[in-house]
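Fold and geometry: a report
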Amino acid sequence: QVQLVESGGGLVQAGDSLRLSCAASGRSIDTHALGWFRQAPGKEREFVAAIVWSGRRTVYADSVKGRFTISRDNAKNTMYLEMNSLKPEDTAIYYCAFGTIPYILGRRPNDYTYWGQGTQVTVSS
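Okay, so let's go over this structure.

Rules and cut-offs
- Residues numbered from 1 in each chain as written.
- Predicted model: local features only at pLDDT ≥ 70, side-chain atom pairs only at ≥ 80, totals over all residues.
- Heavy atoms only, no water.
- Disulfide = S-S within 2.5 Å.
- Helix = DSSP H or I, 4+ residues; strand = E, 2+ residues; numbered from the N terminus.
- Buried < 20%, exposed > 50% of the residue type's maximum accessible area, 1.4 Å probe, protein only.
- Phe/Tyr/Trp six-rings, centres within 6.5 Å; stacked < 30°, edge-to-face > 60°.
- Lys NZ or Arg CZ within 6 Å of the ring centre and 35° of its normal.

**Points about the state of the cysteines**
The full count for this structure, using the stated rule, is one disulfide. Across the disulfide from cysteine 22 sits cysteine 96; the S-S distance is 2.1 Å. Taking the torsion about the sulfur-sulfur bond, which here is approximately 60°, the covalent link between cysteine 22 and cysteine 96 counts as right-handed. You can see cysteine 22 sitting in strand β3 (residues 18–25) and its partner cysteine 96 sitting in strand β9 (residues 92–99), a full 74 residues away along the chain. We note that cysteine 22, like cysteine 96, is buried.

Here's what the structure looks like:
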């Protein structure tokens, strides 16, 4: 079992920055990919970014590429999402997720087994 807890969300204005954190407990994260997803009201959960177990490879949704940066610190069992130049359309609940298969990087919700409870990000125009 893995427990994930997100933090760092909040209400900001367009153009501002936020840094989300995802703290894991229950087991080490250093063999599995980690991902960020988000879900806006009335919409399906969508992929935001993911990072391979070593941190050497990352993938991003086109909508956030160049503005968001995913990173991880395996020694602290923690993952981060640095969000810059935020837009109103980034408003959503952001979830972190723990990969299902060791060493495999995925973009689909089904590629992840454990999920956090989410943190709200609201960007006003």
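What follows picks up the thread again.
**Things to note about the packing of aromatic side chains**
Where two aromatic rings form a pair, the distance of their centres and the angle of their planes describe that pair. Per the counting criterion, the structure on display carries six aromatic pairs. With centroids separated by 5.7 Å and ring planes inclined at 75°, the aromatic side chains of phenylalanine 37 and phenylalanine 47 adopt a geometry described as edge-to-face. Taken together, the positions of phenylalanine 37 in strand β4 (residues 34–39) and phenylalanine 47 in strand β5 (residues 46–51) put the pair ten residues apart, joining distant regions of the chain. Given a relative accessible area of 12%, phenylalanine 47 falls into the buried group. Pairing phenylalanine 37 with tyrosine 112 gives two aromatic rings, centres 5.4 Å apart and planes at 75°, and the pair type is edge-to-face. Residue phenylalanine 37 is located in strand β4, and its partner tyrosine 112 is located in strand β10 (residues 112–115); the two are separated by 75 residues in the primary sequence. Residue classification places tyrosine 112 among the buried residues on the basis of a relative accessible area of 5%. Here the aromatic cluster, defined as three or more aromatic residues joined through ring pairs, consists of Phe37, Phe47, Tyr112 and Trp115. Taking the ring centre of tyrosine 95 as reference, the NZ or CZ of arginine 45 above it sits at 3.9 Å.

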